[in-house]
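# Remarks on the overall topology
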Amino acid sequence: MYRRNISNLLYPIAAVLALFIVYEAVVKPTPHQTQLPSSVNQSAVKNNAQAPGEPPSDDPQPAPEKQMRMIDAGGIPDTKYHDTLEAIRDDIEKGNLKTAESQLTDLPPHVQADALTRSYSAVLWNNLGIEQEKLEGTKASVKAFKKASSLDPKNPVILLNLAHAYWEQRDPAMNQDFLERLIEVAPQEPFPHMALADWFQERGRLSEAGRHLDQAVERAGTDPSLQSYLRTVTSKVHQTDQMDRRLASREGAHFSVKYDGDKDVDSWTTVLDILEEAYREIGQNFGHFPSKTVVVVLHPNAAFQADTGSPAWADGLFDPVLGRIHLPTQGALTDRAWLKRVLRHEFVHALVHDYQGINHNALPTWLNEGLAMQLSSDHWTEVDDLRRANVTFVPLTTLEGSWSDLSAEAASAAYLEANSAARYLLTRYGMHEVVQLLGRLKNRQPLAAAIQDELSVSYDQLQSRLMAQWQEARSKG
Ligand SMILES: [Zn+2]
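Predicted, not measured: the structure shown is a model, and the values here were computed from it. (Residues numbered from 1 in each chain as written. Predicted model: local features only at pLDDT ≥ 70, side-chain atom pairs only at ≥ 80, totals over all residues. Heavy atoms only, no water.)

So, on to the side chain of T138. Structurally, T138 can be placed in helix α5 (residues 138-151). Of the polar contacts made by the side chain of T138, one reaches the side chain of E168; its length is 3.3 Å. (Helix = DSSP H or I, 4+ residues; strand = E, 2+ residues; numbered from the N terminus. Polar contact = N/O pair within 3.5 Å; in protein donor to acceptor, adjacent residues only side chain to side chain.)

This brings us to the coordination of the zinc ion. H345 (NE2), H349 (NE2) and E369 (OE) make up the full set of protein donors to the zinc ion, lying at 2.0 to 2.3 Å. The sequence pattern formed by the donor residues of the zinc ion is H-x3-H-x19-E. Taken as a pair, H345 in helix α13 (residues 336-356) and E369 in helix α14 (residues 365-375) lie far apart in primary sequence, 24 residues in all. Taken individually, H345 and E369 each receive the classification buried, so the pair is uniform in this respect. (Donors = N, O, S within 2.8 Å, 3.2 Å for Na, K, Ca; no water. Buried < 20%, exposed > 50% of the residue type's maximum accessible area, 1.4 Å probe, protein only.)

This brings us to the pattern of salt bridges. All chains considered together, the criterion is met by 14 salt bridges. We note a salt bridge from R324 to D244, for which the minimum N-O separation is 2.7 Å. A residue pair is termed long-range when its members are at least 10 positions apart, and R324 in strand β5 (residues 324-328) and D244 in helix α10 (residues 224-245) qualify at 80 residues. Accessibility classification places R324 together with D244 in one group, the buried group. Among the salt bridges present, the one from R440 reaches E454, with a minimum N-O distance of 2.6 Å. Highlighted residues: R440 in helix α17 (residues 431-442) and E454 in helix α18 (residues 447-455), separated in sequence by 14 residues. (Salt bridge = Lys/Arg side-chain N within 4 Å of Asp/Glu carboxyl O.)

It is worth spelling out the confidence of the model for the protein at this point. The pLDDT averaged across the protein works out to 77; a share of 78% of its residues lies at or above 70. When pLDDT is averaged over each element of the protein, α18 comes out on top at 96 and helix α1 (residues 10-18) at the bottom at 32. (pLDDT = per-residue confidence, 0-100.)

Let us look at the pairing of strand β1 (residues 248-251). Where a strand is regular, its side chains alternate between the two sheet faces. Here β1 runs beside strand β2 (residues 255-259); their pairing, made up of four bridges, is antiparallel. Bridge pairing in β2 links S249 to K258. In sequence, β1 turns back onto β2 through a hairpin of three residues. (Pairing = 2+ DSSP bridges.)

The next point concerns the packing of aromatic side chains. Inspection of every chain in the model, using the stated rule, returns 11 aromatic pairs. Centroid distance Y259 to W268: 5.2 Å. Interplanar angle 45°. Geometry classified as tilted. Note on accessibility: Y259 and W268 belong to one class, buried. Ring centres of F286 and Y355 lie 5.4 Å apart, and the angle between their planes is 85°; this geometry places the pair in the edge-to-face category. A residue pair is termed long-range when its members are at least 10 positions apart, and F286 in helix α11 (residues 265-286) and Y355 in helix α13 qualify at 69 residues. This pair shows no difference in class: F286 is buried, exactly as Y355 is. Three or more aromatic residues joined by ring pairs form one cluster here, namely F255, Y279, F289 and F347. Above the face of the Y429 ring, R428 is positioned so that its terminal group lies 4.7 Å from the ring centre. It is K442 that lies over the ring of Y355; its NZ or CZ is 4.3 Å from the centre. (Phe/Tyr/Trp six-rings, centres within 6.5 Å; stacked < 30°, edge-to-face > 60°. Lys NZ or Arg CZ within 6 Å of the ring centre and 35° of its normal.)

Once that is clear, we can look at the nonpolar core. Core analysis: the largest hydrophobic core is formed by 67 residues, its most contacted members being F286, W366, L367 and L425. Here F286 is in contact with L351, V352, Y355, L375, M431, V435 and L438, once residues within four sequence places are set aside. Of all hydrophobic cores here, the second largest spans 35 residues; its members include L160, A163, A165 and A195. (Core = buried A, V, L, I, M, F, W, Y, C linked by side-chain atoms within 4.5 Å. Contact = heavy atoms within 4.5 Å.)

A packed helix pair is summarised by two numbers, namely the angle formed by the two axes and the spacing between the axes. Contact geometry for helix α6 (residues 156-169) and helix α7 (residues 176-185): axes closest at 9 Å, N-to-C directions at 150°. Crossing geometry of α6 relative to α7 is assigned as left-handed. The segment α6 lies against α7, with P156, L159, L160, L162, A163 and Y166 engaging F178, R181, L182 and V185. Here the residues of the contact of α6 with α7 are counted per class, giving nine nonpolar, no polar and one charged. (Axes fitted to C-alpha atoms, helices over the stretch in contact; angles between N-to-C directions. Left-handed = near helix turned anticlockwise from the far one by under 90°. Nonpolar A, V, L, I, M, F, W, Y, C, P; charged D, E, K, R; others polar.)

Working note: α-helix, 3.6 residues per turn, so residues spaced by three or four point in the same direction. Between its terminal C-alpha atoms α11 stretches 31 Å, which fits the 32 Å expected from 22 residues at 1.5 Å a residue. Count one or two residues on from α11 and you reach G287, which has phi positive near 85°. (Expected span 1.5 Å × (residues − 1).)

Structural data, given as structure tokens:
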């Protein structure tokens, strides 16, 4: 049911972010589906599916390569601080990072007056950051890289390491000014252009994003897979840019609604009202608000499928890479209940996606969809219908990845299970614990370990409890 070509929008957009696998682990958009597929109850249910965001199998993939760069700390400046600096260097190499950090911090300010010593201190801070990152990730290293770049702001290796840490931490300091400075000191690197393209696309400035992608292509070297990948992405971003040009835009406090066709004031206002309410209510409940404006694109019915490549029965979708919500205008003007239901569901995806940041793919699909169903406070009468049907509980472990290969029936059961699982977690442990669990996944803890550590129950036990609850509900139904 998800076999339709989604490359018009999702694939290119997915590819934009996936570019960063050059520096990061693979970033694969999470596939979603927002409501039960049409086979469940075609007459009564307006179905709402999120097209799978996974790049198709022919997606050209650049080789993942995390470029964390040590700087050779061999040439210690021959000053009276030689021995101190040497001791710090040795501590870093031996892994005595706390000692090294306090020694570096305690260096008297006048030490930095000497240019050689200053730049050598920057090297030590850089190398300290890399060792810290190996142990505790970029959250631990960003401070050291910042210190290093303040001491030697023109060192391209240090700035690239800082950019990498900013990127992973989604630090707002990774802004246009910073990236332009990085481009100045590292003019041949593709990454700063890719990052700046991302910065622009987040702000809806796709023309500028496209220009920087073009420049990234020029700097991608001779790696044929990276070249091919960037060219594909770039051409798709230009296409999306072209598509955006025909859209009118209306800005709300936290949302930007783009609209193709009828610019009816009431529909703008309705969409923004529903979203602002969802923002306040769901954001408050979840304890997080999206860090940037969420773009919502309303497509005329006839164009929705073509624009988004979504399945015929889809009501809406969240594109996890550009972070955009897409809706057909079908029902938008006449069926407020439908509109509210779809917008709130997609908003939860946008919110959770924003919270998870770069590691959003660590979230299992069952939890992502279950939370969207639960947090949007939607009433799923079709879920009740399904509960009465003869549906078999499948292990949650089989519902962690893409659901795009599931049959319609299996997908329906998957939503039902996702909903049950999320409801169980929220009822049994509460929102705070669930958000803490997401936080663990965000910090790259494997799912089973995160469940065990946060909920003091094994993944297997959790599934057994869910299955027992499921069977009990079924027997009552
Ligand atoms: Zn969904």
